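Close look at the chain arrangement
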Amino acid sequence: MSKILVVGAGLYGAVCAHELTARGHDVRVIEMRNHIGGNCYTRFSDEAGCHEHVYGAHIFHTNSQRIWDYVNRFAAFNHYVNRVKVRHGEALYSFPINLFTLYQVFGVRTPDEARARLAAEREPISEPANLEEYCLSLVGRRIYELFIEGYTAKQWNHHPRELSADIIKRIPIRFTFDDNYFNDRWQGIPIGGYTAIFEKLLDGIPLELGIDFDADRDFWLSRADFVIYTGSLDSFFGYTDGPLEYRSLRFEREILDTPDFQGNAVVNYTERSVPFTRILEHKHFDLATGGERTLITREYPDDWAPGKIPYYPVHTPQTLARLDRYRARARALDGKVHFGGRLGEFRYYDMHQVIGAALAWLDKFSD
Ligand code: UDP
């Protein structure tokens, strides 16, 4: 039995804490914020009668039987399917790009017409070198400018020419009327909110909130045989090699005196001139239909600086070079500290990928 300290009560930390406790280790969790759940944290809004996704939309989806079975041990899921709408100017569009979107933009009505139209729209770029070229070669300029260019530039604070196409490859393009945002077999929102999952994962495990590990690193390292660190890699090392780049978010929440503001959980605003990227209407995540009032959140991309919440890792050539140096430092601590999760690995993970990574690491971890 080892004394294991888990730093961070988000998904990676909570899964590790739960599993290692089950294996008989003496596990303790510390968390910088005053709540568990990391950015998955939800709380019930009495005013709106639904759960609030406090740090932005979290929709669980996976293609992995193992991950789906795992998460279902801690929650029952509703049948929410993410069907995003796009607002551009006065117009509304179906999204992700599907046959109905192509009908709205080009007037094409069948898969054959849509394929032929996109073939004519595509720009002949044989080896796309960035996100812009990737989109132009796949869907052409009209679709790129309507849906991608403005949204991506404000989301990442980099022009799509400076970004890797990997960011967008997660979003499907379809020649059917299927407007499901994800291709995965399983999808839903936990009934009762995400926080309840963390309460179950961490049940009975000593937990302290409001503790900043990085402020007292050597003290905490001396108190455990092994540390699982899920904060930011660069923060752990005191930003010695310079900060990695992140994108932060700012949320503006509003309770409205109307039962339904937008008729959908997520509406993306893809124009560059609109400062937010999307409006969430939380009751739709819960498939709630009642109530006189509704809660909406406008999501604004924001610059990150040390001290602000890092939401998205930004992969640019400069950050990747720094990342190599931090990873070398992390390897030197192998056997004493394990770095995991979106921040610990500096990877743009979804929730299911975080669980998958934690379970894979736990498979290899020898007690
Ligand atoms: N994206 C876009 N227009 C949209 C939605 C997404 O250009 O209306 C691009 C954008 O670059 C974004 C990426 O696709 O960062 C991934 O989108 P997703 O919705 O998966 O992002 P997340 O929910 O993780 O913020």
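Numbering of residues starts from 1 in each chain and follows the order in which that chain's sequence is written. In view of the model being predicted, local features appear only for residues whose pLDDT reaches at least 70, and side-chain atom pairs are presented and counted only at 80 or more, with totals across whole chains, interfaces and linings using the full set of residues. Think of the side-chain values as coming from all heavy atoms in the structure, minus any hydrogens and water.

Take the site of the ligand next. Any residue with a heavy atom lying within 4 Å of a molecule or strand is counted as near it. The environment of the ligand is made up of 17 residues, and the closest members are Thr152, Trp156, Tyr181, Tyr312 and Tyr348. Polar contacts here mean pairs of N or O atoms no more than 3.5 Å apart (in protein, one a potential hydrogen donor and the other a potential acceptor; neighbouring residues in sequence count only if both atoms are side-chain atoms). With respect to the ligand, the backbone of Phe147 contributes an N or O atom lying 2.9 Å from a nitrogen atom. One nitrogen or oxygen atom from the side chain of Tyr181 is found 2.6 Å from an oxygen atom belonging to the ligand. Values of accessible area rely on a 1.4 Å probe in the Shrake-Rupley scheme; residue burial ignores everything except the protein chains shown. For the ligand, the protein covers 93% of the area, taking 530 Å² as the surface of the free molecule. Broken down by element, the residue count for the shell around the ligand peaks at six residues, all from helix α5 (residues 131–156). Class assignment of the residues belonging to the shell around the ligand gives a composition of 11 nonpolar, four polar and two charged. Viewed by domain, the shell around the ligand spans two of them, domain 2 (39–84 + 181–192 + 247–303) and domain 3 (99–173), each represented by three or more residues. By the criteria applied, helices consist of DSSP H or I runs no shorter than four residues and strands consist of E runs no shorter than two, each listed in order from the N terminus. Only Asp, Glu, Lys and Arg are considered charged, only Ala, Val, Leu, Ile, Met, Phe, Trp, Tyr, Cys and Pro nonpolar, and every remaining residue, Gly among them, polar. How far each domain reaches was decided by an automatic or database domain assignment.

So, on to the environment of Trp220. Inspection of the secondary structure assignment puts Trp220 in helix α7 (residues 217–222). Each residue's exposure class comes from its accessible area (1.4 Å probe, protein chains only) as a fraction of the maximum for that residue type: buried when under 20%, exposed when over 50%, partly exposed otherwise. Owing to a relative accessible area of 7%, Trp220 belongs among the buried residues under this scheme. With 213 residues separating them in the primary sequence, Trp220 and Val7 have C-alpha atoms 9.6 Å apart. Ignoring sequence-local partners within four residues, the contact set of Trp220 consists of Leu5, Arg28, Ile30, Glu208, Ile211, Asp212 and Phe213. The contact rule is simple, with two residues in contact once any of their heavy atoms fall within 4.5 Å.

Turning to the pattern of salt bridges, a few remarks are in order. Within this document, salt bridges are pairs made up of a side-chain nitrogen of Lys or Arg and a carboxyl oxygen of Asp or Glu, the two lying within 4 Å of each other. Using the criterion set out here, one finds 24 salt bridges in the structure. A salt bridge links Glu90 to Arg87, with the nearest nitrogen and oxygen atoms 3.7 Å apart. Judged by its relative accessible area of 75%, Glu90 is exposed. Between Asp218 and Arg217 there is a salt bridge; the shortest N-O distance is 3.9 Å. Three or more residues are tied together by salt bridges with common partners; here these are Arg43, Glu52 and Arg253.

This next bit is on the sheet that holds strand β15 (residues 312–313). The seven strands lie next to each other as β7-β6-β12-β13-β14-β11-β15, forming an open sheet whose pairing is mixed. Both edges of this open sheet fall to β7 (91–94) and β15, since each of them pairs with a single strand only. Of the pairings in the sheet, the one linking strand β6 (residues 85–88) to strand β12 (residues 266–269) comprises three bridges and is parallel in character. Across the sheet, Arg87 pairs through a bridge with Tyr269, a residue of β12. In short, DSSP must find at least two bridges between two strands for them to pair.

Another point: the domain arrangement of the chain. Each assigned domain of the chain is listed here: domain 1 (3–36 + 202–245 + 313–364), domain 2 (39–84 + 181–192 + 247–303) and domain 3 (99–173). Taking only C-alpha atoms into account, the centre of domain 1 sits 36 Å from that of domain 3. Contacts between the two partners involve six residues from domain 1 and, on the opposite side, four residues from domain 3. In short, buried area is how much 1.4 Å probe accessible area vanishes from two parts on joining, totalled over both. Here domain 1 packs against domain 3, burying approximately 530 Å² in sum over the two surfaces, 53% of which is carbon and sulfur. Run the count over domain 1 and domain 3 and you get one salt bridge. In this structure, Asp350 and Arg170 form a salt bridge, with 3.2 Å as the shortest nitrogen-oxygen distance. At the boundary of domain 1 and domain 3, one finds two residue pairs in polar contact (both at pLDDT 80 or more). For the side of domain 1 that touches domain 3, the class distribution of residues is three nonpolar, one polar and two charged.

Here the focus is the pairing of strand β10 (residues 226–229). Side-chain alternation along β10 places Phe226 and Ile228 on one buried face and Val227 and Tyr229 on a second face that is also buried. Pairing geometry for β10 and strand β16 (residues 337–339), over three bridges, is parallel. Counterpart to Tyr229 in the pairing with β16 is Phe339.

Interhelical geometry of helix α1 (residues 11–22) versus helix α11 (residues 351–364) gives an angle of 35° and a closest axis separation of 9 Å. Between α1 and α11 the crossing geometry is right-handed. For the pair α1 and α11, the contacting residues are Leu11, Tyr12, Val15, Cys16, Glu19 and Leu20 in the first and Met351, Val354, Ile355, Ala357, Ala358, Leu359, Trp361 and Leu362 in the second. A fitted line through C-alpha atoms represents every axis, and for helices the fit uses only the stretch in contact; the resulting angles, taken between N-to-C directions, go from 0 to 180 degrees. Whether a crossing is left-handed or right-handed is set by the direction in which the near helix is turned from the far one by less than a right angle, anticlockwise for left-handed and clockwise for right-handed.

A word on the sheet that holds strand β2 (residues 26–31). Here five strands make up an open sheet; going across it, the order is β9-β2-β1-β10-β16 and the pairing parallel. Edge positions in the sheet fall to β9 (207–209) and β16, since each has one partner strand and no second. Within this sheet the neighbouring strands show an average axis-to-axis angle of 15°, counted without direction.

Nonpolar core, defined: a set of buried Ala, Val, Leu, Ile, Met, Phe, Trp, Tyr and Cys residues in which side-chain atoms within 4.5 Å join the residues together. By size, the foremost hydrophobic cluster in this structure holds 83 residues, and its most contacted members are Phe60, Leu102, Phe147, Ile228, Ile355 and Trp361. Apart from residues lying up to four places away in sequence, Phe147 is in contact with Val86, Tyr93, Phe95, Ile97, Thr101, Val105 and Thr270. One finds Phe213, Leu244, Tyr246 and Leu343 within the second-largest nonpolar core, a separate group that totals 23 residues.

Attention now moves to a nonpolar patch on the surface. Each patch is built from residues that are more than 30% exposed by relative accessible area and take part in no salt bridge. Like charges join if they lie within 9 Å; nonpolar side chains (Val, Leu, Ile, Met, Phe, Trp, Tyr) join within 5 Å. Taken together, the side chains of Phe100, Tyr103 and Phe177 present a nonpolar region at the surface, about 300 Å² in accessible area. Mapped onto the fold, Phe177 is located in the loop between α5 and β8 (186–188).

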